[in-house]
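Structural overview
Spelled out from the first residue to the last, the chains are:
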Amino acid sequence: MSFLKAHDSLEDAQLRVLGIGGSTRAGSRSLVLLRHALRVAETAGAGVALGDVRQMALPMYDDDLPLDGYPSSLRRMLESAREADAFIFCSPTYHGTVSGAVKNALDCLNFLVNDTPRYLQGKPIALMALGGGSAANVITALDHSARGLNGLVLPTTVISSGSAVQDGEVTDARVQQRVQAMVDELLDVTSRLRASAPALSLCQ
């Protein structure tokens, strides 16, 4: 789950975007949607990493279970989360809300609670959902989790119907345009925050 491009120093590094989502079934259309967004970010020059809930195969989050009790995929996701400058969360719609697998992956980020600063440190987060009319509920649920993890949720979100994904690709032009706008916003906001970070630290 390491970022696809590496640089010698943070100052010279491109922005790093971690996507978390998908579903537990093979051929997940929400995973196709998330991969598409990450490709857009990579084309724009960002380094990308993917936390695919199917591949990570995380057990249910247990606050009493130490990190060593989880598969190594969780440690890799946590390391990528610490390195990331921005995030994309994407979930299918299950019974009118976010899937349990995606919510569980986000719950596992609780291992970042003792980081300084905590959790996702005010980093920008873009939200995506795949589904029908109740997919808006998925965005709301992801928004709650992202804010609970101290993330900065962006205004531009993506909701895609399943029919917009065909043969492992996002084929709907309107969804493609929306993803492009969301990723552009994510990288712009993240770049602005990075540029302002030295000035903000001097003010503290």
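Residues numbered from 1 in each chain as written. Predicted model: local features only at pLDDT ≥ 70, side-chain atom pairs only at ≥ 80, totals over all residues. Heavy atoms only, no water.

1. Focus on the overall build of the chain
Along its length, the chain carries 6 helices and 9 strands. Relative to the globule expectation of 17 Å for 204 residues, the C-alpha radius of gyration of the chain, 16 Å, shows essentially globular dimensions. With respect to the three principal axes, the spread of C-alpha positions in the chain is 50 × 40 × 30 Å. Here the chain holds 204 residues, and the buried ones make up 49% of them. When contacts within the chain are restricted to residue pairs at least 6 apart in sequence, long-range pairs at least 24 apart make up 75% of them. (Helix = DSSP H or I, 4+ residues; strand = E, 2+ residues; numbered from the N terminus. Rg over C-alpha atoms; globule rule 2.2 N^0.38 Å. Buried < 20%, exposed > 50% of the residue type's maximum accessible area, 1.4 Å probe, protein only. Contact = heavy atoms within 4.5 Å.)

2. Description of the state of the cysteines
Scanning the entire structure with this criterion turns up 0 disulfides. Among the cysteines around Cys-90, which has no disulfide bond, Cys-108 carries the closest sulfur, lying 18 Å off. Using a relative accessible area of 0% as the deciding quantity, one classes Cys-90 as buried. (Disulfide = S-S within 2.5 Å.)

3. Quick look at the pattern of salt bridges
If you walk through the whole model with that rule in mind, you get 9 salt bridges. Close ionic contact of Asp-85 with Arg-16 constitutes a salt bridge, the shortest N to O distance being 3.3 Å. Of the two residues, Asp-85 sits in the loop between α3 (72-83) and β3 (86-94) while Arg-16 sits in strand β1 (residues 16-21), which places them 69 residues apart along the sequence. On the basis of relative accessibility, which here comes to 19%, the residue Arg-16 falls in the buried class. Taking the shortest distance from any N to any O, the salt bridge between Asp-85 and Arg-194 comes out at 3.0 Å. Of this pair, Asp-85 sits in the loop between α3 and β3 while Arg-194 sits in helix α6 (residues 173-203), placing them 109 residues apart in sequence. Taking the relative accessible area as the measure of exposure, Arg-194 reaches 27% and is therefore partly exposed. (Salt bridge = Lys/Arg side-chain N within 4 Å of Asp/Glu carboxyl O.)

4. Description of helix α5 (residues 135-148)
The end-to-end C-alpha distance of α5, which contains 14 residues, comes to 20 Å, matching closely the 20 Å that a straight helix rising 1.5 Å per residue would cover. Within α5, burial applies to Ala-135, Val-138, Ile-139, Ala-141, Leu-142, Asp-143, Ser-145 and Ala-146. The inward-facing, buried residues of α5 abut β3, β4 (97-98), α4 (100-107), β5 (124-130), β6 (152-153) and β7 (158-160). Two residues or fewer past α5, Asn-150 is found with a positive phi of approximately 65°. (Expected span 1.5 Å × (residues − 1).)

5. Some points on the nonpolar core
Ranked by internal contacts, the top residues of the largest apolar core, which has 34 residues, are Phe-89 and Leu-109. Those elements giving two or more residues to this core turn out to be β1, α2 (53-56), α3, β3, α4, β5 and α5. The biggest single contributor to this core is α5, with 6 residues. Leu-109 has contacts with Ile-20, Met-77, Leu-78, Ala-81, Tyr-119, Leu-120 and Leu-149, leaving out every residue within four places of it along the chain. (Core = buried A, V, L, I, M, F, W, Y, C linked by side-chain atoms within 4.5 Å.)

6. A closer look at the environment of Asp-172
In this structure, Asp-172 sits in the loop between β9 (169-170) and α6. Sequence separation between Asp-172 and Ser-161 is 11 residues, and the spatial gap between their C-alpha atoms is 9.4 Å. A distance of 3.1 Å separates a polar side-chain atom of Asp-172 from the backbone nitrogen of Val-175. (Polar contact = N/O pair within 3.5 Å; in protein donor to acceptor, adjacent residues only side chain to side chain.)

7. Observations concerning the confidence of the model for the chain
Predicted confidence across the chain gives a mean pLDDT of 92, with 90% of residues reaching 70 or more. Segment residues 4-12 is flagged for pLDDT under 50; beyond a separation of four residues in sequence, or across chains, it makes 11 contacts in the model. (pLDDT = per-residue confidence, 0-100.)

8. What to know about the pairing of β5
Most of β5 sits out of view: 7 of its 7 residues are buried. Because side chains alternate across β5, one face comprises the buried residues Pro-124, Ala-126, Met-128 and Leu-130, and the other comprises Ile-125, Leu-127 and Ala-129, equally buried. With 6 bridges joining them, β3 and β5 adopt parallel strand pairing. The residue of β5 that forms the bridge with Pro-92 is Leu-130. Alignment of β5 against β6, held across 2 bridges, turns out to be parallel. Following the sheet pairing, Ile-125 is matched in β6 by Val-153. Of the strand pairs in this sheet, β5 and β7 are connected by 3 bridges, and their pairing is parallel. The residue bridging Leu-130 from the neighbouring strand is Ser-160, located in β7. (Pairing = 2+ DSSP bridges.)

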